[in-house]
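Structural features, examined
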Amino acid sequence: MQRTIELTSPQWEFFNNPAKFKAFISGIGAGKTAIGWILAMKEATQQAGSRGLIVAPTYTLIKDVIWWEMDKWVPRQLIKEFSENKKRLKLKNGSEILFRSADNPRHIERLRGLSIAWFWIDECTLLPKLVWDILVGRLRQPGYSYKAWITGTPKGFNWVYELFIKDPIPDSYILYGVPTKSNIFLSREYIQSLEQQYKGQFALQELEGKFVKFEGLVYPGFDIKKHVVDAVPSEFDRVVYGVDWGFRNPACILALGIKNDVAYILQEYYAPKTTDDELIEIAKQMQQKWGVGTFYCDPSEPASIEKFVRAGIDAVKANNEITPGIKAVTSLLESDRLYVHTSCQNTINEFQMYRYDDNDKETPLTPSY
Ligand SMILES: Nc1ncnc2c1ncn2[C@@H]1O[C@H](COP(=O)(O)OP(=O)(O)OP(=O)(O)O)[C@@H](O)[C@H]1O
Ligand SMILES: [Mg+2]
């Protein structure tokens, strides 16, 4: 039985565009995950025996978004076997699709071992360029033609902008900026509620899928070219960590190395719905990598801090006062004493988007994801 799928008009154009590397950068709910899956099925069915890879920033996103939508886009009769454990979908025509998250450097490094014909990165703007660079080098399954596409919502001017808009290789790289309202499968009420929620520049980014430079930035001095670095010192005078427990926003741990009064943000862990035990595991892995140090924790969850301490981690309440923190960071940036490693994409996004409320110039808005 042939199933017909109706596409929105940007999805249709994206589907048919023959470029090797494609980016579908859109507002919330414009149909990114859907077109990502549809293209995955196009490659997997047209190139029998091919191996493809679907990447999302976290395992939770693989489970709750990619696999959740799978039933809609993968006809049952094509499936030979799906294994959650092996994170693999095998089709009857011999093609297979692997699923990988890229939430820590070890996961990212493991991507290097693969040989694939195509890949798709969902929520690409939450991942560092390193993931893209590694995967482009894995497009080498013998006997197949190679394709890659990425889908996401803009988050400041990051590598996606550089690669696909600023300096694209003509004919090979194309980017579609797609508004939410192009998705005819969303209800009018839903679109209206989003339009009420987002205004101004934020609406351009979150609903129109446009790359925007925000006004009222908390850190206008942050400059990717200057403050984002590939190389960091191999030894530090000390290493400290920052922990946000994440309730409304994702939980976050940052590793910060300090040498000669210069601070380097070395590694970030950002993930929604992470338990304290999982965070303890991440914290330990980070200490193994960067060295033992104090964890300055968001003071709003004393029970979580207590758990860290019981797990042998030197966790203390951070002073979460916003204004002195901003002043300190600003002064570090101005004197070029703060650098962010290129792998810390969410931190880079935040520096570019953290801004004051239009109506209350004193209060920064909590970043949203
Ligand atoms: N071509 C289509 N046919 C039918 N339904 C579609 C199509 N494209 C998208 N949808 C539906 O529209 C809704 C939003 O699509 P999707 O989840 O792909 O958007 P998204 O841009 O990935 O959203 P988010 O910003 O939340 O990641 C989903 O319920 C999806 O199944
Ligand atoms: Mg999606």
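Data block above holds the structure.
Presented here is an overview of the structure given in this document.

Let us look at empty space enclosed by the protein. Applying the stated criterion to the full structure yields two cavities of 30 Å³ or more. In this structure, the second largest cavity spans a volume of roughly 30 Å³. What lines the second largest cavity is simply Gly156, Phe157, Val212, Lys213, Phe214, Leu217 and Gln352. Here the lining of the second largest cavity is composed, by residue class, of four nonpolar, two polar and one charged.

Bringing the packing of aromatic side chains into the picture now. Tallying each qualifying case throughout the model produces 30 aromatic pairs. A ring pair is formed by tryptophan 37 and phenylalanine 99, whose centres lie 6.0 Å apart and whose planes are at 55°; its orientation type is tilted. Taken together, the residues tryptophan 37 in helix 2 (residues 32–46) and phenylalanine 99 in strand 5 (residues 96–101) connect sequence positions 62 residues apart. The class of tryptophan 37 is buried, set by a relative accessible area of 0%. Measuring from ring centre to ring centre gives 4.6 Å for phenylalanine 157 and tyrosine 161, while their planes differ by 85°; the resulting arrangement is edge-to-face. Each residue in the set Phe21, Phe119, Trp132, Trp159, Phe164 and Tyr173 is aromatic and connected to the rest through ring pairs, giving one cluster. One Lys or Arg, lysine 42, reaches over the ring of phenylalanine 15 and ends 4.3 Å from the middle of that ring. In this structure, arginine 355 is placed above the aromatic ring of phenylalanine 202, and the distance from its NZ or CZ to the ring centre is 4.6 Å.

Not every one of the 17 residues close to ligand 1 is listed here, only the nearest: Glu6, Gly29, Lys32, Ala34 and Lys72. Residue glutamate 6 places a main-chain N or O atom 2.8 Å away from a nitrogen atom belonging to ligand 1. One of the side-chain N or O atoms of glutamine 11 is found 3.0 Å from a nitrogen atom in ligand 1. Relative to its free-state accessible area of 620 Å², ligand 1 is covered by the protein chains to the extent of 76%. Counting residues per element, the ones that place at least two in the shell around ligand 1 are helix 2 and helix 3 (59–73). Looking at side-chain class alone, the shell around ligand 1 contains seven nonpolar, five polar and five charged residues.

Reading the values: rules and limits
- Residue numbering note: each chain is counted from 1, following its sequence as written.
- Working convention: letters from A go to chains and numbers from 1 go to ligands, in the order in which they are written.
- A pLDDT threshold of at least 70 governs which residues receive local features in this predicted model, and a stricter bar of 80 or more applies before side-chain atom pairs are shown or counted, although totals over entire chains, interfaces and linings include all residues.
- Side-chain metrics rest on all non-hydrogen atoms present in the structure, leaving aside hydrogens and water.
- The distinction between a cavity and a pocket rests on a 1 Å grid over the protein atoms alone: a 1.4 Å probe fits inside a cavity but cannot get out, while a pocket stays open yet meets protein on both sides within 12 Å along at least five of seven lines, and a residue with an atom within 4 Å of a point counts as lining.
- Grid points are joined across faces, edges and corners, and a volume is the space filled by probe spheres set on the points.
- Throughout, the ten residues Ala, Val, Leu, Ile, Met, Phe, Trp, Tyr, Cys and Pro are labelled nonpolar, Asp, Glu, Lys and Arg are labelled charged, and all others, Gly among them, are labelled polar.
- Ring pairs shown here join Phe, Tyr and Trp side chains whose ring centres sit within 6.5 Å, with only the six-membered ring taken for Trp; geometry is labelled stacked below 30 degrees between planes, edge-to-face above 60, and tilted in between.
- Every helix listed is a DSSP run of H or I at least four residues long, and every strand listed is a run of E at least two residues long, numbered separately from the N terminus.
- Classification of residues uses two cut-offs on accessible area relative to the type maximum, computed with a 1.4 Å probe and protein chains only: under 20% is buried, over 50% is exposed, and between them is partly exposed.
- Comment: the charge-over-ring label is applied if NZ (Lys) or CZ (Arg) is within 6 Å of the ring centre and within 35 degrees of the ring normal.
- Nearness is judged by heavy atoms alone; a residue qualifies as near a molecule or strand once a single heavy atom is within 4 Å of it.
- N or O atoms within 3.5 Å of each other form a polar contact, as long as, within protein, one can give a hydrogen and the other can take it, and as long as residues adjacent in sequence are counted only when both atoms are side-chain atoms.
- Only the protein chains shown count as cover for residues, and the accessible areas themselves come from Shrake-Rupley with a 1.4 Å probe.

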